[in-house]
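An overview of the molecular structure
Letter by letter, the chains look like this.
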Amino acid sequence: MLSARDRRDRPPEEGVSAELQGFAVDKNFLTSLKGILLETELALTFIIFICFTASISAYMAAALLEFFITLAFLFLYATQYYQRFDRLNWPCLDFLRCVSAIIIFLVVSFAAVTSRDGAAIAAFVFGIILVSVFAYDAFKIYRTDIAPGASQGDRQ
């Protein structure tokens, strides 16, 4: 019988290493434009969540929800795990994520600035910056993934 130490020191079997390779992080993705955009969105949503927690706790759920959604997309893209779900249209889902985040953060940011609290004003400023990052991400998704399919159909 093998102890825990013996199992830890042994190299993994071929079947186990093949299963674990699906969660290997692609460092090239993290340094690409899409990876940097997702990391920026993640950091800004966390900052806005902290600002809302300090000032108006009623709006922190929206920032927390967007934080987890962006974290999930970053995980799926960085590990290339999204390719296993080939029936989903990932560019469309990513585009809808960006558009919904733009709408949510515009509404929540303008609602928060009316409280005239210091942290709420900071959340408004970071919210406007985050809306511009989400808008740029949505624009890039549309130009690279969604629009080429429509323009190729028009040419034929």
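Note that the structure is a prediction, hence the values are computed from the model and not measured.

Some details on the packing of aromatic side chains
- One pass over the full model with this rule turns up 13 aromatic pairs.
- Between Phe-67 and Phe-68 the ring centres are 5.6 Å apart and the planes differ by 65 degrees, which places this aromatic pair in the edge-to-face class.
- Each member of the aromatic cluster is reached from another via a ring pair, and the members are Phe-29, Phe-73, Tyr-77, Tyr-82 and Trp-90.
- One cation-aromatic arrangement involves Arg-97 over Phe-73; the distance from NZ or CZ to the ring centre is 5.2 Å.

Considering the nonpolar core
- Of all hydrophobic cores here, the largest spans 22 residues; its most connected members are Ile-48, Phe-52, Ala-63, Phe-105, Leu-130 and Phe-134.
- Only helix H4 (33-54), helix H6 (90-112) and helix H7 (118-155) provide two or more residues apiece to this core.
- For this core, the element with the highest residue contribution is H7, accounting for eight residues.
- Sequence-distant contacts of Phe-105, defined by excluding residues within four places in its chain, comprise Thr-45, Ile-48, Ala-63, Glu-66, Leu-130, Val-131 and Phe-134.
- Phe-29, Tyr-77, Ala-78 and Trp-90 belong to the second-largest nonpolar core, a separate cluster that totals ten residues.

A short note on H4
- Taking 1.5 Å as the rise per residue, H4 with 22 residues should run 32 Å; its terminal C-alpha atoms sit 32 Å apart, in good agreement.
- Buried within H4 we find Lys-34, Gly-35, Leu-37, Leu-38, Glu-41, Leu-42, Leu-44, Thr-45, Ile-48, Phe-49, Cys-51 and Phe-52.

So, how was this worked out
Residues numbered from 1 in each chain as written. Predicted model: local features only at pLDDT ≥ 70, side-chain atom pairs only at ≥ 80, totals over all residues. Heavy atoms only, no water. Phe/Tyr/Trp six-rings, centres within 6.5 Å; stacked < 30°, edge-to-face > 60°. Lys NZ or Arg CZ within 6 Å of the ring centre and 35° of its normal. Core = buried A, V, L, I, M, F, W, Y, C linked by side-chain atoms within 4.5 Å. Buried < 20%, exposed > 50% of the residue type's maximum accessible area, 1.4 Å probe, protein only. Helix = DSSP H or I, 4+ residues; strand = E, 2+ residues; numbered from the N terminus. Contact = heavy atoms within 4.5 Å. Expected span 1.5 Å × (residues − 1).

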